[in-house]
Amino acid sequence: MILKTLFGIALALSLTYIFKLVLFLDYHKTVWNHRPGKCHIVEGIDHGSEDMQTTKSGLTFITSGIDGPLFSPTMKEYHKKDNVRGRIMLFNLEKPADGVRELMIVGNQFSYEDFAPHGISVLEEKGKIFLFVVVHRAEEDTVEKFEFLEKTLELKHLKTYKGTLVHLLNDVAATGPETFYTTDYGYYRNHVLHFLEQIIGLYYGHVLYYDGRDFIRVSEPTYMANGITLSKDGRHVYVVSSAGKKFAVYKPEANNRLTKINEVELDTFPDNPTIDPVTGDVLLGCHPIGFKITKHLNDPSTEIAASQVLMLHMDKSGTNVTGVTELLSDDLELYGSSSATLYKKRMLVGTVCHKMMYCEVNTL
């Protein structure tokens, strides 16, 4: 009798878990394709535009060729076969017809070997443009600082940031010439262990802050903290949990530690946030169907995934979401959207390892 009871309980728990997993991975969802206006694929960037940031003048800097320990052997074989390499690209939203171009990196201390850029943040300071970029290398993750040389269209490598608290970085948000927040996505740098960390739901990540001397932990333990950015006025920090399907608002304290003041659940897997420079609203590149993006990231050569761009409308305080607009939904041309940026009703949509799309936005 006891064994039958235990078996019944175990069966019920198992079925409940499977049912929740099916819902979580979005097997029940359908993609309805729509766009905010005329859109087209941008030629010249075919293996990812994972993250992007736009300056006040419309210059958009894009990371391409993401790789790292969290990706599967099949993905790595795909990169090797197609000779994918890490690049930082430039697209001028003031002159979209000019298309995209690669920025060459100069500097004696920089190595292109195993260079795999991921998250990116732009800092405009005293007439200069600086980039902070999360980089995955074979043995460690770092944040790299560059200066954009506009006359020669090059990036000058300035500095490498590394530390013992760094495990598996994802995104970065610059707060000054030598300070920034960055998301430590997880603990394990092994593909299998990272997958288990995600499936089990372990809170092994943190938001880190580089204070000019070293990295410090400034948040509570996080579950797969992904994209990060500052609010328009710089008073709040927005952090996205992809696997948690959540968007969180933090308030920086005097010591730069973060206090969570709001959290919004989203019925999608959000990736990277950017800020509408006019309204302060948040654009999110998202993965609306979980099981498809999982298969796509395992084998992008054969599996497709849906793309989605959401705009979270923020109130005047920048702490509360007052509404959500779906700007784009697409599984016909663009697979695995991870970022989007908006400038003068012109939008770029990036992907983890696929193409990039340019759109005219007529729906806002």
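Residues numbered from 1 in each chain as written. Predicted model: local features only at pLDDT ≥ 70, side-chain atom pairs only at ≥ 80, totals over all residues. Heavy atoms only, no water.

(A) Main features of the sheet that holds strand β20 (residues 282-287). What the four strands build is an open sheet, ordered β19-β20-β21-β22; its pairing is antiparallel. Both edges of this open sheet fall to β19 (269-275) and β22 (321-330), since each of them pairs with a single strand only. Strand after strand, the sheet turns through a mean of 25° between neighbouring axes, direction not considered. Relative to β20, β19 runs antiparallel, the two sharing five bridges. Residue pairing across strands places Thr274 opposite Leu283, the latter belonging to β20. (Pairing = 2+ DSSP bridges. Helix = DSSP H or I, 4+ residues; strand = E, 2+ residues; numbered from the N terminus. Axes fitted to C-alpha atoms, helices over the stretch in contact; angles between N-to-C directions.)

(B) Representation of the state of the cysteines within the structure. Counted under the stated rule, the structure contains one disulfide. A sulfur-sulfur separation of 2.1 Å characterises the disulfide bridge that pairs Cys39 with Cys359. Judged by the sign of its S-S torsion, about 115°, the bond between Cys39 and Cys359 is right-handed. You can see Cys39 sitting in strand β1 (residues 39-41) and its partner Cys359 sitting in strand β25 (residues 357-360), a full 320 residues away along the chain. Like Cys39, the residue Cys359 is buried in the burial classification. Cysteine Cys286 remains unbridged, with the sulfur of Cys359 as its closest cysteine sulfur at 15 Å. (Disulfide = S-S within 2.5 Å. Buried < 20%, exposed > 50% of the residue type's maximum accessible area, 1.4 Å probe, protein only.)

(C) Layout of the pairing of strand β17 (residues 246-252). With five bridges joining them, strand β16 (residues 237-241) and β17 adopt antiparallel strand pairing. Among the inter-strand pairings, Val240 is bridged to a residue of β17, identified as Phe247. The loop that links β16 with its antiparallel partner β17 comprises four residues; one of these, Lys245, has a positive phi angle of about 55°. By the bridge criterion, seven bridges tie β17 to strand β18 (residues 258-265) in an arrangement that is antiparallel. Looking at β18, one finds that Phe247 is bridged to Val264.

(D) Local environment of the nonpolar core. Among the nonpolar cores identified, the biggest contains 17 residues, and Phe61, Leu131, Phe146, Phe148 and Leu155 are the most heavily contacted of them. Breaking this core down by element, the ones donating at least two residues are β3 (59-64), β4 (87-92), β7 (116-125), β8 (128-136) and β9 (141-149). For this core, the element with the highest residue contribution is β8, accounting for four residues. What Leu131 contacts, discounting residues up to four positions off in sequence, is Phe61, Ile88, Ile120, Ser121, Val122, Glu144, Lys145, Phe146 and Leu155. Core analysis: the next-biggest nonpolar cluster, separate from the first, contains 15 residues, Val309, Leu327, Leu342 and Val361 among them. (Core = buried A, V, L, I, M, F, W, Y, C linked by side-chain atoms within 4.5 Å. Contact = heavy atoms within 4.5 Å.)

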